Amino acid sequence: MDQRVPILMYHKVDRIHPRSLVKGHYVSPGLFSRQIQTLKLLGFESVGLNGLFEPDRPLPKRPVVITFDDGYQNFFDKALPTLQKAKFESTVFLVARQLGGTNVWDVALGDVQEPLMAVETVKLAASAGTQFGSHTLDHVDLEKASSEEAIAQIRGSKELLESRLGFPIQTFCYPYGRMNAETPSLVRDAGYRLACSTRKGANTDQTDRYALRRINVRSDTWTPVLLLKLLRTARHGK
Ligand SMILES: [Zn+2]
């Protein structure tokens, strides 16, 4: 396969909170809806991360994978209805010990508090076709964590999510995009199939399955800019 698969990375679909320290993480519901409608119009077809790179699942002509980090309640309220209308799949990475909680890792640094989806909400979204992956137990920096701590976070989150949600967790996403030389092998050994990084670019058969590249979509990624990024990654893989 020399086809390139772009993976979009979103965080929050909501109006920018005026006191937020990371305003780029908000994509307004209007912009999100225009982006999805435009992708649909241009013939992009969404692929769920769980089925990606499986030999018996050929890719559509214009594939796109849509991911959301952290599992915010605004995914359910403001992004999912738009995705459902377009019949687009997506994957959300959950912080296992904060289901129904908040982004305590941001709040600790002085950022605004935002609610995260609770177990029942995650189950509802799953029954509407959303896929879920792990984003560790506590949104920790795995580059700095000791091996023991990293293993506990990577394995423990898979076990906790599977026991609370009742379906298998096959994919992983590194909090802050941070990892060290050892981290990808810990993720593989814990039984995950794929892991998303924050490295830029698209993915081919040759891309490390445990450091998949993504395209960051921010509050100022206007639809033409997103299309330009997609075009560029389709041509050069970066
Ligand atoms: Zn995160």
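Residues numbered from 1 in each chain as written. Predicted model: local features only at pLDDT ≥ 70, side-chain atom pairs only at ≥ 80, totals over all residues. Heavy atoms only, no water.

### Quick look at the overall build of the protein
Line of reasoning, step 1. Scanning the protein from terminus to terminus reveals seven helices and ten strands.
Line of reasoning, step 2. Oriented by its inertia axes, the alpha-carbon framework of the protein measures out at about 45 × 40 × 30 Å.
Line of reasoning, step 3. A total of 238 residues make up the protein; the buried ones form 54% of that total.
Line of reasoning, step 4. Residue pairs at least 24 apart in sequence account for 66% of intrachain contacts in the protein once pairs closer than 6 positions are excluded. (Helix = DSSP H or I, 4+ residues; strand = E, 2+ residues; numbered from the N terminus. Buried < 20%, exposed > 50% of the residue type's maximum accessible area, 1.4 Å probe, protein only. Contact = heavy atoms within 4.5 Å.)

### Side note on the packing of helix 2 (residues 73-86) against helix 4 (residues 119-127)
Line of reasoning, step 1. Interaxial distance between helix 2 and helix 4 falls to 10 Å at its minimum, and their mutual angle equals 35 degrees. The interaxial crossing formed by helix 2 with helix 4 has left-handed handedness. When helix 2 is examined against helix 4, the residues Gln73, Phe75, Phe76 and Leu80 are found in contact with a partner set consisting of Thr121, Leu124 and Ala125.
Line of reasoning, step 2. Of the residues assigned to the contact of helix 2 with helix 4, the class counts are five nonpolar, two polar and no charged. (Axes fitted to C-alpha atoms, helices over the stretch in contact; angles between N-to-C directions. Left-handed = near helix turned anticlockwise from the far one by under 90°. Nonpolar A, V, L, I, M, F, W, Y, C, P; charged D, E, K, R; others polar.)

### Some thoughts on the coordination of the zinc ion
Line of reasoning, step 1. At 2.1 to 2.2 Å from the zinc ion lie its protein donor atoms, namely Asp70 (OD), His135 (NE2) and His139 (NE2).
Line of reasoning, step 2. Relative accessible area serves as the criterion here: at 5%, Asp70 is assigned to the buried category.
Line of reasoning, step 3. Accessibility expressed as a relative area gives 6% for His139, which makes it buried. (Donors = N, O, S within 2.8 Å, 3.2 Å for Na, K, Ca; no water.)

### Describing helix 4
Because an α-helix packs 3.6 residues into every turn, residues spaced three or four apart end up facing the same way.
Line of reasoning, step 1. Val119, Thr121, Val122 and Ala125 are the residues of helix 4 that are buried. For helix 4, the angular spread of buried residues about the axis comes to 160 degrees, placing them on one side. Facing away from the buried side of helix 4, by more than 90 degrees, are the exposed residues Glu120, Leu124 and Ser127.
Line of reasoning, step 2. On its buried side, helix 4 packs onto helix 2, strand 6 (91-94), strand 7 (131-134) and helix 5 (147-165).
Line of reasoning, step 3. Just downstream of helix 4, Gly129 is the residue with a positive phi angle, here 100 degrees. (Arc of directions from axis to C-beta.)

### What to know about the environment of Val13
Line of reasoning, step 1. Checked against the element boundaries, Val13 lands in strand 2 (residues 12-13).
Line of reasoning, step 2. In sequence terms Val13 and Tyr72 are 59 residues apart; their C-alpha atoms lie 8.6 Å from each other.
Line of reasoning, step 3. Not counting residues up to four positions away in its chain, the partners in contact with Val13 are Val27, Ser28, Pro29, Phe32, Phe68, Asn74, Lys78 and Ala79.

### As for unusual backbone geometry
Line of reasoning, step 1. Not every positive phi belongs to a glycine, and Lys87 is a case in point at roughly 55 degrees.
Line of reasoning, step 2. When you line up the elements, Lys87 lands in the loop between helix 2 and strand 6.
Line of reasoning, step 3. Not every positive phi belongs to a glycine, and His139 is a case in point at roughly 55 degrees.
Line of reasoning, step 4. Locating His139 in the fold gives a position in the loop between strand 7 and helix 5.

### Topic: the side chain of Ser197
Line of reasoning, step 1. Structurally, the position occupied by Ser197 is in strand 9 (residues 194-200).
Line of reasoning, step 2. Reaching out from Ser197, the side chain makes a polar contact with the backbone nitrogen of Arg199 at a distance of 3.0 Å.
Line of reasoning, step 3. Not counting residues within four places of it along the chain, the set of residues in contact with Ser197 comprises Tyr174, Met179, Ala211, Leu212, Arg213 and Arg214. (Polar contact = N/O pair within 3.5 Å; in protein donor to acceptor, adjacent residues only side chain to side chain.)

### Quick notes on the packing of aromatic side chains
Line of reasoning, step 1. Within this structure, the stated rule accounts for seven aromatic pairs.
Line of reasoning, step 2. Chaining the aromatic ring pairs together yields one cluster made of Tyr10, Phe32, Phe68 and Phe75.
Line of reasoning, step 3. Just above the ring of Phe44 sits the side chain of Arg62; from NZ or CZ to the centre is 5.8 Å.
Line of reasoning, step 4. A cation sits over an aromatic face here: Lys158 above Tyr192, 5.8 Å from the ring centre. (Phe/Tyr/Trp six-rings, centres within 6.5 Å; stacked < 30°, edge-to-face > 60°. Lys NZ or Arg CZ within 6 Å of the ring centre and 35° of its normal.)

### Remarks on the packing of helix 1 (residues 29-41) against helix 2
A packed helix pair is summarised by two numbers, namely the angle formed by the two axes and the spacing between the axes.
Line of reasoning, step 1. In contact at an axis separation of 10 Å, helix 1 and helix 2 are set at 20 degrees when each is read in the N-to-C sense. In this view, helix 1 runs roughly parallel relative to helix 2, as classed from their interaxial angle. By crossing handedness, the relation of helix 1 to helix 2 is classed as right-handed. Residue-level inspection shows Pro29, Phe32, Ser33, Ile36 and Lys40 of helix 1 in contact with helix 2, the latter providing Lys78, Ala79, Thr82, Leu83 and Ala86.
Line of reasoning, step 2. Per-class residue counts for the contact of helix 1 with helix 2 are six nonpolar, two polar and two charged. (Parallel < 35°, antiparallel > 145°, perpendicular 65-115°, else oblique.)

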